Amino acid sequence: MAYQFEKHYTREEARTLLPQIRQWLARLGQLRKDLDRFDKRMAGLLGNDIGGDTVNQWIRALAEMQEVLAEFQRRQIFIKDVERGLIDFPAIIGGREVFLCWESDEEDVEFWHDLESGYGGRERL
């Protein structure tokens, strides 16, 4: 059977990654706040010379955000909503390709949904 994704996670594999994913999501949240702050600062400087430190900080924050997002991409883990910390892990359940679904306020990986239904179709494992 041909599957859409190369990597499929067991519940245990997804569970093992949660501490790291929590760190990455926290970092992404902080970087987004930093970028907002830099954007406001640069908007106030437009028309003046906007080079220098603020632009360099903005570029570094963007680059770091890209690095964190690449960690998810490399592992074929999908961020569905950064603010909520909504994550999908490709998995196989009953021979079907599905997503294990986790949200950052949840203690454990306890839900799944098929590829089409999304969050609204979540079912308990």
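See above for the structure.
The notes below deal with the structure included here. Just so it is clear, the structure is predicted and the values come from calculations on it, not from any experiment. (Residues numbered from 1 in each chain as written. Predicted model: local features only at pLDDT ≥ 70, side-chain atom pairs only at ≥ 80, totals over all residues. Heavy atoms only, no water.)

Counted according to the given criterion, the structure contains 5 aromatic pairs. A centroid spacing of 5.8 Å and a plane angle of 65° characterise the contact between Phe78 and Phe99, whose relative ring orientation is edge-to-face. Here Phe78 is found in strand E1 (residues 78-81), whereas its partner Phe99 is found in strand E3 (residues 96-103), with 21 residues between them in sequence. Judged by relative accessible area, Phe78 falls into the partly exposed class, the value being 28%. The ring of Tyr9 carries Lys7 above its face, with NZ or CZ at 4.7 Å from the centroid. (Phe/Tyr/Trp six-rings, centres within 6.5 Å; stacked < 30°, edge-to-face > 60°. Helix = DSSP H or I, 4+ residues; strand = E, 2+ residues; numbered from the N terminus. Buried < 20%, exposed > 50% of the residue type's maximum accessible area, 1.4 Å probe, protein only. Lys NZ or Arg CZ within 6 Å of the ring centre and 35° of its normal.)

With that settled, the discussion passes to the nonpolar core. Core analysis: the largest hydrophobic core is formed by 24 residues, its most contacted members being Ile21, Phe72, Ile77, Ile87, Phe89, Leu100 and Trp102. Mapped by element, the contributors of at least two residues to this core are helix H1 (11-45), helix H2 (53-74), strand E2 (86-93) and E3. Excluding its chain neighbours within four sequence positions, the residues that come into contact with Trp102 are Leu18, Ile21, Arg22, Leu25, Gly85, Leu86, Ile87, Phe89, Glu107, Asp108, Val109 and Arg122. (Core = buried A, V, L, I, M, F, W, Y, C linked by side-chain atoms within 4.5 Å. Contact = heavy atoms within 4.5 Å.)

Unlike most non-glycine residues, Gln76 shows phi in positive territory, near 55°. Residue placement: Gln76 occurs in the loop between H2 and E1.

Evaluation of the coordinates by the stated rule reveals 13 salt bridges. Residue Arg96 pairs with Asp114 through a salt bridge whose shortest N-O separation is 3.9 Å. Residue Arg96 is found in strand E3, and its partner Asp114 is found in strand E4 (residues 111-114); the two are separated by 18 residues along the sequence. The class for Asp114 is partly exposed, based on a relative accessible area of 23%. Among the ionic contacts, a cluster of salt bridges with common partners joins Arg11, Glu12, Arg15 and Asp108. (Salt bridge = Lys/Arg side-chain N within 4 Å of Asp/Glu carboxyl O.)

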